[in-house]
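So you can see what is in the structure, the chains are spelled out below.
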Amino acid sequence: MEEFKPKRKNSNYSASDKTGGQRRAPRQNHQNKAPQENGAPANKPRRRPARPAAAEAAQAPAQSVPAPRPRRPRSTPQGDSQAPHQQRRGRKPQQSSASHYEMTPAIPMHICPLGGLGEVGKNITLYECQGDMILVDCGLVFPDADMFGIDLVIPDFTYVLENKDRIKGLFITHGHEDHIGSLPYLLKKFNVPIYAARLTIGLIKNKLEEHGLASSAIFHEIRPRQKVKLGCFTVEPIHVNHSIPDALAFAIECPAGVVIHTGDFKVDYTPLSGDAVTDLSTIAEYGRKGVLALLSDSTNAERPGFTATEQTVAEGVRGLFAKAGKRRIIVATFASNIYRVQQIIDLAIESGRKVAVSGRSMVSNTEMARELGYLHAPDNVLIQIEEINKYPPEKVVLITTGSQGEPLSALSRMAQASHRQVKVGPNDFIIISARPIPGNEKTVTKVVNGLLALGAEVIYENMYDTHVSGHACQEEQKLMLTLAHPQYFLPVHGEFKQLKRHAETAEHLGYIPKQNIYIAENGQNIRLSADGMAVENTVTAGAVMVDGYGVGDVGNVVLRDRHHLSEDGIIIVTAAVDGSTGQVLSGPDLVSRGFVYVRESEELMDGARVQVEMALDRSLSDNMHDWASVKARVREALSSYIYRKTKRSPMILPILLEV
């Protein structure tokens, strides 16, 4: 038994010296190569003298302590941090090994929301880990009322294009405009591979056809529970309920952990068309394994309870079909709401009516959905829009676009009596089966007023059960938070007030510490790891306005000028000036647009002309030949005069022709 005594902690050093180092040979098998090569075992006692008896007694209990988890060496006593093989060789671990465990950080990932935060629409998020990147969604937002002449607003793709060599693919949650609308503008600059469900790909192709990009785009069809590996990312699509088929959430797995990106979702226990319920079991499975972060839909964060099922709409619209009686039925809804279109077709068949569709996007989407098997309608039920007048009103149902009051939509043209095939009158019963998107209330009201003035009966928001939301309310959001049980939570998809309320809901649950809940902003580069969360910097993100074929050529300066013109109008001052002497050869002439009617304001315009002449004369007497300065003097003199007379400030544009 005496031979094994040297294997105890500290007493073995002195025992080894007396025996000439022969008992240290077994310990050398557990050491790294450097000590064996650099020195003989006999030199060990001189570098590490024997410990006192007190230290030996304090160290002894460590022999029976199991090895701790490597990530938590700081929280364990020094004596308890020894690995099992270190205990067997009876020596303290080297200090460099302990500090290696303490200084090893968790692998981070970066999340960069480039749109969709603080706004409804324009959703796009970039994920990065270990140099690889993926994108989720690429949507647009419709312009506000003060964006004069703007057709669409898309994200700023600067940061995406700067990193296009690192981006492996683009994943799409579903086929609504706020998630796919800006794809044509991105694909014109960067032909990124697109991963989406079958119906979503069909909707994207319809959109790309208008831009001539459908043939060059790269599509990969994905299905729920079928994982896709791109670089260090493994993405699993998860089925969720929404107001459109093939809606997906994504479980994004990388070396940093798992992030669940819900997209737009709700929990509908009685979905239409045999569609499955939101796959809560898969989300719960990830929650049990551990979710680093959850990015969840916040659109309905201010609404308590649960979102109503789509079956509610079916019953409500069935009652309205009966109420319509002998009148023609016109239903306005989103072109991408295939569920709603199917409901209307089914009810039309029940009531013995033919169905026609109006609006370019409605026609293309219904044809595509029928081809893919998402929409079922007998051929003898569907008729062309040109044929509706061949049938009596009680035999026709017309499905149209324009539920948001878009100026050029089919329903808007009907309200203005400018639709070529449809003339609205007292024999029409119109159902608007959609809730106005925030900001569109005035345009919808204008359309409703126009239809009512033509004699039609209009069923719109809050009158009957003609629409239910496709977004989760507070109880469904709580369910998602509870099942995913993330370490960090970032509310997305909503205005700031909605993001704030969603964050409060998560905080009140008590599962996630308040410091782990963060309301991000577009452009923030958020660093996430098991060790913590921080905003490292900001990247280029913002709004790019589309006006006709122009993308980004209309900015804040142009919008400011348009706003100025819309409020006060413009006065254009023209004069011909001698280039050598500065003397006025002809003019000045004044042209007013949007300010006053010249023929009814001759006295005002004559006085304005005198002010311009005086300003030009002063410039000539001062020998001023800097035409920019002359224009500024004319602008100031005329602006001051008009404000004194009218209390208005029109835009003034001096034009001096140098002869």
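Structure first, text after, so check above.
Residues numbered from 1 in each chain as written. Predicted model: local features only at pLDDT ≥ 70, side-chain atom pairs only at ≥ 80, totals over all residues. Heavy atoms only, no water.

Draft legend 1. Expanded view of the sheet that holds strand β23 (residues 570–577). Strand order in this open sheet of 3 strands is β24-β23-β25, and the pairing throughout is mixed. Across the chains shown, the open sheet's two edge strands, defined by having one partner strand only, are β24 (584–593) and β25 (651–658). Neighbour to neighbour, the strand axes of the sheet diverge by 15° on average, direction disregarded. Pairing of β23 with β24, which is carried by 7 bridges, proceeds in the antiparallel orientation. Counterpart to T574 in the pairing with β24 is D589. (Pairing = 2+ DSSP bridges. Helix = DSSP H or I, 4+ residues; strand = E, 2+ residues; numbered from the N terminus. Axes fitted to C-alpha atoms, helices over the stretch in contact; angles between N-to-C directions.)

Draft legend 2. Highlighting the pairing of strand β15 (residues 396–400). Across the 5 residues that make up β15, a large majority, 5, are buried. Because side chains alternate across β15, one face comprises the buried residues V396, L398 and T400, and the other comprises V397 and I399, equally buried. Pairing geometry for strand β13 (residues 328–332) and β15, over 4 bridges, is parallel. Within β15, the residue paired with V331 across the bridge is I399. Direction of pairing for strand β14 (residues 354–358) relative to β15: parallel, over a ladder of 5 bridges. Residue pairing for β15: A356 is matched across the bridge by L398. Once you follow β14 into helix α15 (residues 360–372) and on to β15, the crossover reads as left-handed. (Buried < 20%, exposed > 50% of the residue type's maximum accessible area, 1.4 Å probe, protein only. Right-handed = clockwise from strand over helix to strand, strands pointing away.)

Draft legend 3. Representation of the sheet that holds strand β4 (residues 152–155). The antiparallel open sheet is built from 3 strands, whose spatial order is β4-β21-β22. Across the chains shown, the open sheet's two edge strands, defined by having one partner strand only, are β4 and β22 (550–554). Here the average twist between neighbouring strands, direction ignored, is 55°. Where strand β21 (residues 543–547) lies against β22, 3 bridges are found, and the strand directions are antiparallel. If you follow V546 over to β22, its bridge partner there is V551. In the packing of helix α20 (residues 556–568) onto the sheet, the strands contacted are β21 and β22, and the crossing angle to β22 comes to about 70°. (Contact = heavy atoms within 4.5 Å.)

Function cannot be read off these values alone, since they describe shape.
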